[in-house]
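# Summary of the model geometry
The residues making up each chain are set out below.
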Amino acid sequence: MPSFDIVSEVDQQEVLNAVDNANRELQTRFDFRGVNAEYSLKEKVITMKAEAEFQLQQMLEIFLAKAVKRGLDVRSFKEGDVVHSGKTYSQSLSLLQGIEQDMAKKLVKLIKDNKLKVQAAIQGDQVRVTGKKRDDLQEAIALIRGSELEQAFQFTNFRD
């Protein structure tokens, strides 16, 4: 029986490359000359540090532009609060990995509400969709891509 999995994963190597590219751009930008600003990546959290809060907004735009160039979806990053300590401001960006239970339930409900001829089942941090025909599965993929959910999804393990 044809099936595929809906997952939410971010390629760690591409995130590291985007952080490196953004750090490199900070060194060459005129408005960041002589400013103590940097990006750092630890586990699944990117930390941005700068001397002013408006610089953090500029850094966020720089990083998201680099991430898009590397093929990463901007919905894969969740902004944290701006923290002020001493002379520096910092902000964290968390990587959204895996599909949480609530989002998985929304996906299953979306598929069932559209009366597609497929079945969706939650399996841990992914959703497996099965159907009798390949065309039905492709309709389900098109439906999920067209929906305005606040997370990026990838489709893996497509079996015929």
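To start, this report covers the structure provided alongside it. (Residues numbered from 1 in each chain as written. Predicted model: local features only at pLDDT ≥ 70, side-chain atom pairs only at ≥ 80, totals over all residues. Heavy atoms only, no water.)

## A closer look at the overall build of the protein
As a reminder of what qualifies: Helix and strand definitions here come from DSSP, where helices need a minimum of 4 consecutive H or I residues and strands a minimum of 2 consecutive E residues; each element is numbered from the N-terminal end. Radius of gyration here uses only the C-alpha atoms, and the compact-globule reference equals 2.2 Å multiplied by the residue count raised to the power 0.38. Throughout, exposure labels follow a simple rule: accessible area from a 1.4 Å probe, protein chains only, divided by the maximum for the residue type, with under 20% read as buried, over 50% as exposed, and the rest as partly exposed. Whether two residues are in contact is decided by their heavy atoms: any pair within 4.5 Å suffices. Computed with a 1.4 Å probe, the accessible areas rest on the Shrake-Rupley method; for each residue, only the protein chains presented here act as cover.
Scanning the protein for helices and strands turns up 4 helices and 9 strands. N-terminal to C-terminal, the α/β element order of the protein is β-α-β-β-α-β-β-β-α-β-β-α-β. Its C-alpha atoms give the protein a radius of gyration of 19 Å, clearly above 15 Å, the size a compact globule of 160 residues would have. Across its three principal axes, the protein shows a C-alpha extent of roughly 60 × 25 × 25 Å. Expressed as a percentage of its 160 residues, the buried residues of the protein come to 38%. Of the contacts formed within the protein by residues at least 6 apart in sequence, a portion of 60% connects residues at least 24 apart. Of the roughly 9600 Å² of accessible surface on the protein, 46% is carried by carbon and sulfur atoms.

## Description of unusual backbone geometry
Even without being glycine, Glu43 reaches a positive phi, approximately 55°. Within the secondary structure layout, Glu43 lies in the loop between β2 (38-42) and β3 (45-50). Accessibility expressed as a relative area gives 71% for Glu43, which makes it exposed. Within the chain, Asn157 stands out as a residue other than glycine whose phi angle is a positive 60°. Counting through the fold element by element, Asn157 comes out in strand β9 (residues 154-159).

## Some words on the pairing of strand β6 (residues 88-95)
Heads up, the condition is: Two strands qualify as a pair provided DSSP detects at least 2 bridges between them.
Pairing between β3 and β6: 6 bridges, direction antiparallel. Counterpart to Lys49 in the pairing with β6 is Ser90. As defined by bridge partners, strand β5 (residues 83-85) adjoins β6 across 3 bridges and the pair is classed as antiparallel. By the bridge assignment for β6, Ser85 is matched with Thr88.

## Comments concerning the packing of aromatic side chains
Two measures describe an aromatic ring pair: the distance that separates the ring centres and the angle between the ring planes. Heads up, the rule is: Stacked, tilted and edge-to-face are the three classes assigned to paired rings of Phe, Tyr and Trp, where Trp is represented by its six-membered ring and a pair needs centres within 6.5 Å; plane angles under 30 degrees give stacked, over 60 edge-to-face, the rest tilted.
As enumerated under the stated definition, the model contains 4 aromatic pairs in all. Seen in terms of ring centroids, Phe4 and Phe158 are 6.1 Å apart; in terms of plane orientation they differ by 10°. Their pairing is stacked. With Phe4 in strand β1 (residues 3-7) and Phe158 in strand β9, this residue pair connects regions lying 154 residues apart in the sequence. In this structure Phe4 comes out as buried when scored by relative accessible area, which is 1%. When the centroid spacing of 5.3 Å and the interplanar angle of 80° are considered together, the rings of Phe63 and Phe77 count as edge-to-face.

## With respect to the sheet that holds β1
Operational definition: A fitted line through C-alpha atoms serves as each axis, taken over the contacting stretch for helices, and the angle formed by two N-to-C directions is quoted from 0 to 180°.
Read from one edge to the other, the open sheet built from 4 strands follows the order β7-β8-β1-β9, with strand pairing classed as antiparallel. The open sheet has two edge strands with one neighbour each: β7 (118-123) and β9. On average, each strand axis in the sheet is tilted by 20° relative to the strand beside it, whichever way the strands run. Relative to β9, β1 runs antiparallel, the two sharing 4 bridges. Residue pairing in the sheet places Asp5 in a bridge with Thr156 of β9. Against the sheet, helix α3 (residues 101-113) touches β1, β7 and β8 (126-131), its axis set at about 175° to β7. Strands β1, β7, β8 and β9 of the sheet are contacted by helix α4 (residues 134-146), whose axis makes an angle of about 175° with β9.

## Digging into the packing of helix α1 (residues 12-28) against helix α2 (residues 53-69)
The geometry of a pair of packed helices is captured by two quantities: the angle between their axes and the separation between those axes. Cut-off, in case you're wondering: Here is the rule for angles: anything less than 35 degrees is roughly parallel, anything more than 145 is roughly antiparallel, 65 through 115 is roughly perpendicular, and the remaining ranges are oblique. Two helices crossing with the near one rotated counterclockwise from the far one by less than a right angle form a left-handed crossing, whereas a clockwise rotation gives a right-handed crossing.
Where α1 meets α2, the closest approach of the two axes is 9 Å, and the angle between their N-to-C directions is 130°. On the basis of the axis angle, α1 is oblique to α2. The crossing of α1 and α2 is right-handed. Between α1 and α2, the residues in contact are Ala18, Val19, Asn21, Ala22, Glu25 and Leu26 and Met59, Ile62, Phe63, Lys66 and Ala67, respectively.

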